[in-house]
Amino acid sequence: MTNIRPRVLIEDWLPVAELGIESKRERKVFTDLPPLNYLHVWWARRPIVASQAVVLGGLLPTWTKELADQFPDDEPLSTVDSYRKWFLTTVGILGDPVEAARREGTGIAKGIEAFGYRQAWKNSPSALHLDLLHRLLIHTWGRVPAVADPTAGGGSIPFAAARFGLPVFANDLNSIAVSVINGGVKYPSDYGDVISELAALFANRLAKRLEDRLRPFFPVDQGSEVAEYLYAYEIACPRTGRKIPLLPNFWLDKAHPKAAVSLEISDESYELRVVEGPTFSFDPSKGTMKGGTAISPYDDLTIDGDYIKSEAQAGRMRPIMYAVGWRATGRPGKRPGALTFRTPTDVEQRALERASEAVAVSMDEWARLDLVPSEDIPDVSNYNRGHRLYGINNWRSMFTDRQLLTHVTFVQLYQDIVGEVRAECGEHAEAVLNLLTLMHGKMLDYNSRMSAWNISQRSVQHTFESHNFSFKSTFAEKMTPGHLLRWASAQVTKASRISSELLQQSRGEHDPEVILFQGNAANIPGVETGSISHICIDPPYYDNVMYGELSDFFYVWHKRTWGRIVPEVFPQELADVDNEAIANYARFAAMGRRKAELADADYEAKMTAIFAECNRMLHDDGVLSVMFTHKRAEAWDTLGMGLLRAGLIIEASWPVNTEFEFSMHQANMNSAASTIMLVCRKRDTAPSSAHVYLEDIEGEIRGAARSAAQRFQHDGIDGVDLLLSTYGPTLSVISRNWPVYSSIPDADGKDQLLRPEDALDLAREEVVQLRRSRLVGKAAHVDDMTDFVLLAWDIFGAREFPYDTARLLALAVGGVDLDDLERARIIKKKKGSVTLLAPSERLRRDADSELPGVRPESSHFEFTIDAVDTALYISDVDGMPTAKRFLDRHGFISDAGFISTVQGLVNAIPRTKAKGVWVISEAGLLDTLCTLYFPTVTLPEAEDLAAPAVQESLFGDD
């Protein structure tokens, strides 16, 4: 064990349940998010409350009697309980979120009524609490300790540290991240509210000029205000040559009054006309396209998806405006009326044509003046669905002609107004111009060919509703340009103002500096060696998000606005994807089958270099906190190896449920919801000369994993997150004994270092044993095939999950082979994933077959899951009475193994309904079967969800 001073709070305690609840609460209401979340898009941003807790937890000393004696007049330090309560209050948790969540869950109360206080991120520490915090930190560290985040991304960690009056060093490679951290953390910290006020002033000027310049292309009626223009695509029928609109459905609004688009066919063409309900003479749910193909309204024959893509790539799939959303403006000072839809007028259609003509005339001049993104989308890309398939090969193709005209005109006017900003704003000019650029980012995000119309929410979705470039079948222009900029200004200036208020009001007399760097996190020369007390890092998550590729959507525009002011922030043509610390498979695509191996090795090398730089910057007594979220074992293997090779020891690990979950999708997804907080220290002892092998520490690993799983499941950690909760303790055991060697020698017969993955196998086995007992009680083991199904549902909560994780689970269950599971028709393998088959898909139609599967006429079942699935199949096809006769014939009504399996499935399969219909059919069949025939089986509560209606992915390609 490392000899350390001081021991910090997070090494002994972190309120994981409270932080998990508050992290979800922080993101629950989309209209009431922390300011950083709506300042500008970033694709992975930690909750503020979790960031604040980890930042402080890594600096505050753990409570001891000696500490309390040194602060006799400070009641919060008098006992360990009062100290922990003070910690929760300091990070904004002013009550008992666990009890409040229980009240919400049982329907006693909701929101602030249940909690009794606002979301934690809104609650700043009092001056007294802040004073005690700084006295404690100086007592502990001999100074006000500095916090650093080498991969600062969306800025949550620097924001959290600055909010407590701590010196902050932040760094990121990505230009957009640096722009956002400047706008959301550094400038509000340095200058306060004045920035947002000045930015609003100049945004109004820009909006007026934008409005005047583009008025001929956006005709509006007096007394009305356009809320959005809605578009679909049109192609020529390959058989008749007549034009066909491509719409997945014809709904516009399902609220009162209902609105839809009527498709009216003539001999030569068609017409789209907006109509209102409450009833329609047609079914708006049936569009002209479905599942990758289209249906011609002229002959009702299918049009192949490949033909549609070829038309798009040839530039013959053109956008068409099919509806306009508008509001009555009324008297000055009054709010606009309700959203209403109408058919576009001839004047509006002609304005679109004029916009296209203007773009054609101006393009050469725009290119000469470098006003329009001329950059091609790189061939090295992980997100090709919106690129090559539908003819989008350069960044300006992400926009229609009129959208492009809007954005290029903004760039022109921005460049024109720079002189005015500098003359009137002085030292604040750079910050004001930064916020104007972030406003344009908002406009880009909500005004592209990727901005879909959300029917349920009656609003335009932003381009990155999904973290990719999936093409959208319908999209929108949000508002007219002047209104769009005013809306973006209101969003950005509000975010800046609130950031300033939160950063300023809680620091009291403390005025820390926020120092921001841009560059590779493996080399930050601006930070002195050994100068940082707490490095809190939220590194890139392996292959989860390709930040550089996504950020290029903004990069190509922002480098033409704020990039002219600070060219050093935008040093390249596009984002630096070569130096990103991610597992970027596209960069190694030319290597064929080795691409994954090489991408993993590249990620591990980069993370090792980053952690080595952390080691250099860290004070000898300092703490490194790593926040990491990923469900794949390879990600943890490479991350763990990076930490070990960088000379770090993992002292503690905490899983906090931080990931926002849109619950409708939860029954069909298996993504990790928890962030694992790893607490590390510098290794200060030389490696032992005696070799330590995995077998030497196997018992310690198993014990650590079992203890963690038992402890964290009581804090509400479940499913795949419970697996993840054991990875930190496992890595901790390895790090304390490092170097550890594998029992299997290398190709030359020499000892080789252990890969963390080998030890994680042991952790998974412990979780499997623990969860098996929880699911089925005393009859803990039925058979391996049945156990796999039970635990797959329990751990993933989804029918489909990654192939690699399925393989690891199968090994942990009892050495089951995925090929055997496929032959038994339990799973279906496909590229990169595995799917659990429904009972109807497991049917063996050969009556004499003795192969595993669903066999209604069989007299014997080798695997209990086959018997259960057969009963479910019969109940679904022939009814419950027939299923009862099947159960009686085999004696399953009283069979302990059968009942245990049923109980396990009931506990494991998500009991989720969407508008009263079971999302997973087996859950509903089991519910009825148990209610009728298995009274001893306990049925957990079901959850009923409302499903959103969104027109988004083109032809089902998502």
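Residues numbered from 1 in each chain as written. Predicted model: local features only at pLDDT ≥ 70, side-chain atom pairs only at ≥ 80, totals over all residues. Heavy atoms only, no water.

S.K.: Could you give an account of the overall build of the protein chain, with specific residues and numbers?
M.R.: Across its full length, the protein chain holds 30 helices and 29 strands. By residue count, 59% of the 958 residues in the protein chain fall in the buried class. Looking at the protein chain alone, contacts between residues at least 24 apart form 74% of all its contacts between residues at least 6 apart. On the protein chain, the mean spot of the 102 positive side-chain charges and the mean spot of the 131 negative ones are 4 Å from each other. (Helix = DSSP H or I, 4+ residues; strand = E, 2+ residues; numbered from the N terminus. Buried < 20%, exposed > 50% of the residue type's maximum accessible area, 1.4 Å probe, protein only. Contact = heavy atoms within 4.5 Å. Lys, Arg positive; Asp, Glu negative; His and termini not counted. Charge placed at Lys NZ, Arg CZ, Asp CG, Glu CD.)

S.K.: Describe the pattern of salt bridges, naming the residues involved and giving the relevant values.
M.R.: Taken as a whole and judged by the stated rule, the model has 59 salt bridges. The shortest N-O distance in the salt bridge between R497 and E501 comes to 3.9 Å. With R497 and E501 both in helix α16 (residues 481–505) and four residues apart, the pair spans about one turn of that helix. Taking the relative accessible area as the measure of exposure, R497 reaches 34% and is therefore partly exposed. Residue E501 is classed as partly exposed on the basis of its relative accessible area of 35%. Each of D370, E375, K559, R560 and R564 takes part in salt bridges that share partners, so that together they form one network. (Salt bridge = Lys/Arg side-chain N within 4 Å of Asp/Glu carboxyl O.)

S.K.: Quick rundown of the pairing of strand β4 (residues 243–246)? Include the residues and the values.
M.R.: Note: strand β3 (residues 224–236) against β4, four bridges, orientation antiparallel. Residue E234 lies in a different strand from β4, and its bridge partner there is P245. In this structure, the hairpin formed by β3 and β4 is closed by a connection of six residues, where G241 is found at a positive phi of approximately 80°. (Pairing = 2+ DSSP bridges.)

S.K.: Kindly report on the packing of aromatic side chains, identifying the contributing residues and their values.
M.R.: Scanning all chains against the criterion turns up 39 aromatic pairs. Grouping aromatic residues by their ring pairs yields a cluster made of W42, W43, W395, F399, F464, F469, Y547, F553, F554 and W557. A cation sits over an aromatic face here: R25 above Y117, 5.0 Å from the ring centre. The aromatic ring of W487 is capped on one face by K478, whose charged end is 4.8 Å from the ring centroid. (Phe/Tyr/Trp six-rings, centres within 6.5 Å; stacked < 30°, edge-to-face > 60°. Lys NZ or Arg CZ within 6 Å of the ring centre and 35° of its normal.)

S.K.: Which residues make up the sheet that holds strand β10 (residues 302–303), and what values do they have?
M.R.: With respect to topology, three strands assemble into an open sheet ordered β8-β9-β10, the strand pairing being antiparallel. Strands with a single pairing partner mark the edges of an open sheet, and in this sheet they are β8 (289–290) and β10. Two elements, β8 and strand β9 (residues 293–295), share two bridges in a ladder whose sense is antiparallel. Residue pairing across strands places K290 opposite T293, the latter belonging to β9.

S.K.: Residues and numbers for the sheet that holds strand β23 (residues 800–802), please.
M.R.: Overall, antiparallel pairing links the three strands, which are arranged β23-β25-β24 in an open sheet. Where the open sheet ends on each side, the last strands, each with one partner, are β23 and β24 (827–830). Here the strands of the sheet are splayed against their neighbours by 25° on average, with no regard to which way each runs. Along the sheet, helix α25 (residues 803–814) contacts β23, β24 and β25 (833–836); its crossing angle with β23, the most-contacted strand, is approximately 90°. (Axes fitted to C-alpha atoms, helices over the stretch in contact; angles between N-to-C directions.)

S.K.: Give a detailed account of the confidence of the model for the protein chain, specifying residues and quantitative values.
M.R.: Across the protein chain, pLDDT averages 88, with 93% of residues at or above 70. Every residue in residues 660–671 is under pLDDT 50, and counting partners more than four places away or in other chains gives 36 contacts. (pLDDT = per-residue confidence, 0-100.)

S.K.: Help me get a handle on unusual backbone geometry, residues and values and all.
M.R.: In this model, G277 is joined to P278 through a cis peptide bond whose omega is 20°. Inspection of the secondary structure puts P278 in the loop between β7 (270–276) and β8. Look at the link from W738 to P739: it is a cis peptide, with omega at 5°. For P739, the location among the structural elements is in the loop between α22 (719–737) and β22 (740–741). Even without a glycine there, the phi angle at D300 is positive, about 60°. Note on placement: D300 falls in the loop between β9 and β10. Judged by relative accessible area, D300 falls into the exposed class, the value being 61%. Positioned with a positive phi, R825 is a non-glycine residue whose angle comes to about 55°. Along the chain, the position of R825 falls in the loop between α26 (818–823) and β24.

S.K.: I'd like a description of helix α1 (residues 16–26), backed by residues and values.
M.R.: Within α1, nine of the 11 residues are buried, which leaves the element mostly enclosed by the surrounding structure. Of the positions making up α1, those classed as buried are V16, A17, E18, L19, G20, E22, S23, R25 and E26. The elements touched by buried residues of α1 are α3 (48–57), α5 (80–90), α6 (97–105), α7 (111–115) and β19 (648–657).

S.K.: Any details on the packing of helix α23 (residues 756–776) against helix α29 (residues 896–908)? Residues and values, ideally.
M.R.: α29 packs onto α23 with a crossing angle of 105° between their chain directions and a minimal axis gap of 7 Å. Put simply, α23 runs roughly perpendicular to α29. The segment α23 lies against α29, with R774, L775 and V776 engaging S900, Q903, G904, N907 and A908. Per-class residue counts for the contact of α23 with α29 are three nonpolar, four polar and one charged. (Parallel < 35°, antiparallel > 145°, perpendicular 65-115°, else oblique. Nonpolar A, V, L, I, M, F, W, Y, C, P; charged D, E, K, R; others polar.)

S.K.: Report on the pairing of β3, specifying residues and quantitative values.
M.R.: β3 sits mainly inside the fold: 12 of its 13 residues count as buried. Alignment of β3 against strand β15 (residues 475–478), held across four bridges, turns out to be antiparallel. For Y231, the partnering residue across the bridge sits in β15 and is F475.

S.K.: Which residues make up helix α8 (residues 127–141), and what values do they have?
M.R.: The end-to-end C-alpha separation of α8 is 21 Å, in line with the 21 Å expected for 15 residues at 1.5 Å each. Those residues of α8 that are buried lie in contact with α3, α4 (65–70), α5, β17 (532–537) and β18 (618–628). The first or second residue beyond α8 is G142, which carries a positive phi of 80°. (Expected span 1.5 Å × (residues − 1).)

S.K.: Can you tell me about the environment of Y541, naming the residues and giving the values?
M.R.: Position of Y541 among the secondary structure elements: in the loop between β17 and α17 (547–558). What makes Y541 buried here is its relative accessible area of 5%. Separated by 227 residues in sequence, Y541 and A314 have C-alpha atoms that sit 37 Å apart. Setting aside its immediate chain neighbours within four residues, Y541 contacts R46, Y547, Y603, M627, F628, T629 and H630.

S.K.: Please set out the side chain of D74 residue by residue, giving values where relevant.
M.R.: Relative to the helices and strands, D74 is located in the loop between α4 and α5. Owing to a relative accessible area of 15%, D74 belongs among the buried residues under this scheme. Ignoring sequence-local partners within four residues, the contact set of D74 consists of L132 and R135.

S.K.: Quick rundown of the packing of helix α11 (residues 194–214) against α16? Include the residues and the values.
M.R.: The N-to-C vectors of α11 and α16 enclose an angle of 170°; their axes lie 8 Å apart at closest approach. In terms of their interaxial angle, α11 and α16 are classed as roughly antiparallel. Here S196, A199, A200, A203, N204, L206, A207, K208, L210, E211 and L214 of α11 come into contact with α16, specifically with P481, G482, H483, L485, R486, S489, T493, S496 and R497. Of the residues belonging to the contact of α11 with α16, the class tally is nine nonpolar, seven polar and four charged.

S.K.: I'd like a rundown of the environment of V834, residues and numbers included.
M.R.: Tracing the backbone shows V834 in strand β25. Residues V834 and L818, spaced 16 residues apart in sequence, show a C-alpha to C-alpha distance of 9.1 Å. When residues no more than four places from it in sequence are discounted, the contact partners of V834 are R799, E800, F801, P802, Y803, A806, L818, I827, K828 and K829.

S.K.: Give a description of the side chain of T638 that names residues and reports values.
M.R.: Note on placement: T638 falls in helix α20 (residues 633–645). With a relative accessible area of 3%, T638 lands in the buried category. Ignoring anything within four residues of it in the chain, the contact list for T638 reads Y542, D600, Y603, E604 and R755.

S.K.: Outline the environment of S894, supporting the account with residue identities and numerical values.
M.R.: Mapped onto the elements, S894 comes out in the loop between α28 (880–890) and α29. For the pair S894 and F934, spaced 40 residues apart in the sequence, the C-alpha separation amounts to 8.9 Å.

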